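A look at the structure
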Amino acid sequence: MSDHAVLHVKGRILVGPDEVRDELWVVGGRISYDRPAGARDVVGVEGWALPGLVDAHCHVGLGAHGPVDADVAEKQALTDREAGTLLIRDAGSPSDTRWVDDREDLPKIIRAGRHIARTRRYMKNYAHEIEPDELVAYVAQEARRGDGWVKLVGDWIDRDLGDLSACWPREEVEAAIAEAHRLGARVTAHCFAESSLRDLVEAGIDCIEHATGLTEDLIPLFAERGVAIVPTLVNIATFPRLAAGGDKKYPRWSAHMRRLHERRYDTVRGAYDAGIPVYVGTDAGGSLAHGLVAGEVAELVTAGIPPLEALSATAWAARTWLGRPGLEEGAPADLVVYGADPRADVGVLAAPRRVVLNGRIVE
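Below is a short write-up of the structure. (Residues numbered from 1 in each chain as written. Predicted model: local features only at pLDDT ≥ 70, side-chain atom pairs only at ≥ 80, totals over all residues. Heavy atoms only, no water.)

Structural notes on the packing of aromatic side chains
A full pass over the atoms with the stated rule returns six aromatic pairs. Geometrically, the ring pair formed by Tyr122 and Trp156 is edge-to-face, given 4.8 Å between the ring centres and 70° between the ring planes. Of this pair, Tyr122 sits in the loop between strand E9 (116-118) and strand E10 (128-130) while Trp156 sits in strand E12 (residues 155-158); the two residues are 34 residues apart in sequence, bridging distant segments of the chain. Each member of the pair Tyr122 and Trp156 is classed as buried. Consider the rings of Tyr279 and Trp321, whose centres lie 4.1 Å apart with planes at 10°: the pair is stacked. (Phe/Tyr/Trp six-rings, centres within 6.5 Å; stacked < 30°, edge-to-face > 60°. Helix = DSSP H or I, 4+ residues; strand = E, 2+ residues; numbered from the N terminus. Buried < 20%, exposed > 50% of the residue type's maximum accessible area, 1.4 Å probe, protein only.)

In structure tokens, the structure reads:
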């Protein structure tokens, strides 16, 4: 498809959960619902079209041992693109991936800067490892470096305790979140356990990653404050393996991880039923493969979220939450076309027929 070609997508254009059109046109890389006059060199695509999928917890530029070279980061981004993920919220990366913004063929990235963790309380080479009195300054730094988000590590294993525990005192968290908000950034936090959640939410946090420690007594607080969760269930599936590796040295932690895993679906369904916003994220990068967005949507359905709502969590609702357009008139033409209706079967997401990025067919 040449840069000057007009793309004509017809079939079922899923503009929103309740809005379906019969066709759209792509002219100059942007969406139009009006047939362009005198259109020549027209390329046609048929099927069910969705806005480019969102992975709201992904790590481009991160590998199992920390930052990776640009060629590896490129392969990560291309793998996500092949899966239909065209918008990524990069929830913490030690690599500078700004070069991706100059590539018309790679997914768009919304960055949260680098993880901010307590000293020796996270995976080596992933995060800024600091003490509480430095938290405000580092949050300000990453707020300026990111694209409207900052990522904290809210809890991690305390080796002296032998279990997960909160990383930050309440006073420092409140000050840090207030500073991020003053700078126009939202704050999210990695949280597996229960112990850090109340302080973070009452301190004004905007989102919690994983949220496996969300309990019945905390759910109303999340719902009242409108705090979103990104469950990353394809990552939570690894908890039993992680727990097995810690049985001898940290049996208390291992047992805790197993409990969190066992109740994961009930946790997510309870959050959804209470009106807590739930979004799709895979936690790709580090030790988890990229391109798992379809699997995460399927996991949300397994947890009990209605298929259309699970679809929205990676499409319409996710884009609205992140402040990016979908299939609106004049929006950048980032869309995925499928051979069957993903509203009827979210498994369809695993097999895109065509991927269109910035108005060009790339897959």
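Some remarks on empty space enclosed by the protein
A probe matching the size of a water molecule, rolled over the atoms, marks out where space remains unfilled. By the definition in use, this model includes one cavity of 30 Å³ or more. A volume near 30 Å³ is recorded for the largest cavity. Around the largest cavity sit His210, Ala211, Thr212, Pro231, Leu233, Arg264, Thr267 and Val268, which together line it. By residue number, the principal contributor to the lining of the largest cavity is helix H9 (residues 264-273), which donates three residues. Residue classes in the lining of the largest cavity are distributed as four nonpolar, three polar and one charged. (1 Å grid on protein atoms, 1.4 Å probe; cavity = no way out; pocket = protein on both sides within 12 Å on 5 of 7 lines; lining within 4 Å. Points joined across faces, edges and corners; volume = space filled by probe spheres on them. Nonpolar A, V, L, I, M, F, W, Y, C, P; charged D, E, K, R; others polar.)

Let's talk about the environment of Leu221
Checked against the element boundaries, Leu221 lands in helix H5 (residues 219-225). According to the relative accessible area criterion, Leu221 is buried, its value standing at 9%. Placed 19 residues apart in sequence, Leu221 and Glu202 show a C-alpha to C-alpha distance of 8.2 Å. In contact with Leu221, other than residues within four places in its own chain, are Arg198, Val201 and Glu202. (Contact = heavy atoms within 4.5 Å.)

Quick notes on the nonpolar core
Formed by 78 residues in total, the largest nonpolar core has its most connected members in Leu50, Leu135, Leu152, Ile205, Ile208, Phe222 and Leu300. Not counting residues within four places of it along the chain, the set of residues in contact with Phe222 comprises Leu197, Val201, Ile208, Leu214, Val227, Ile229 and Ile276. Listed in part, the 15 residues of the second largest apolar core include Val9, Ile13, Ala333 and Val337. (Core = buried A, V, L, I, M, F, W, Y, C linked by side-chain atoms within 4.5 Å.)

Things to note about the environment of Val280
Relative to the assigned elements, Val280 resides in the loop between H9 and strand E17 (284-286). Taking the relative accessible area as the measure of exposure, Val280 reaches 0% and is therefore buried. For Val280 and Thr320, which are 40 residues apart along the polypeptide, the C-alpha to C-alpha distance reads 13 Å. Ignoring any residue separated from it by four or fewer positions in sequence, one finds Val280 in contact with Val54, Asp55, Ala56, His57, Val230, Val293, Glu296, Val297, Leu300, Ala310, Ala313 and Thr314.

Points about the pairing of strand E5 (residues 53-63)
Each regular strand carries side chains that alternate between the two faces of the sheet. For E5, the tally of buried residues reaches 11 of 11 residues, placing the bulk of the element in the interior. Note that E5 and strand E7 (residues 85-90) share four bridges and pair parallel. Considered in E7, the bridge of Leu53 is made with Thr85. As defined by bridge partners, E5 adjoins strand E6 (residues 66-67) across two bridges and the pair is classed as antiparallel. Bridge pairing in E6 links Gly63 to Gly66. From the end of E5 to the start of E6, which pair antiparallel, there are two residues. (Pairing = 2+ DSSP bridges.)

Points about unusual backbone geometry
Non-glycine residue His210 carries a positive phi angle of around 75°. The topology assignment puts His210 in strand E15 (residues 207-210). Phi angles above zero are rare outside glycine, and Asp283 is one such case at about 65°. Its relative accessible area of 13% is what places Asp283 among the buried residues.

Observations concerning helix H10 (residues 293-302)
Among all positions of H10, only Val293, Ala294, Glu296, Val297, Glu299 and Leu300 are buried. Backbone geometry just downstream of H10 places Gly304 in the positive-phi region, at approximately 115°.

Regarding the side chain of His261
By the element assignment, His261 lies in helix H8 (residues 251-262). The buried category is assigned to His261, whose relative accessible area is 14%. Once residues within four sequence positions are removed from consideration, His261 is found in contact with Ile236, Ala237, Phe239 and Pro240.

Observations concerning the pattern of salt bridges
Scanning the model with the defined rule gives 25 salt bridges in all. Of the charged contacts in the structure, one is a salt bridge between Arg263 and Glu194, with a shortest N-O distance of 2.9 Å. One end of the pair, Arg263, is in the loop between H8 and H9; the other, Glu194, is in the loop between strand E14 (186-191) and helix H4 (197-202), and 69 residues separate them in sequence. A relative accessible area of 25% places Glu194 in the partly exposed class. When the shortest N-O distance is used, the salt bridge between Asp273 and Arg269 registers 2.6 Å. Linking Asp273 with Arg269, this pair stays in helix H9, spanning four residues, or about one helical turn. Ionic contacts of the salt-bridge type, sharing partners, join the residues Arg170, Glu174, Arg198, Asp199, Glu202 and Asp217 into one network. (Salt bridge = Lys/Arg side-chain N within 4 Å of Asp/Glu carboxyl O.)

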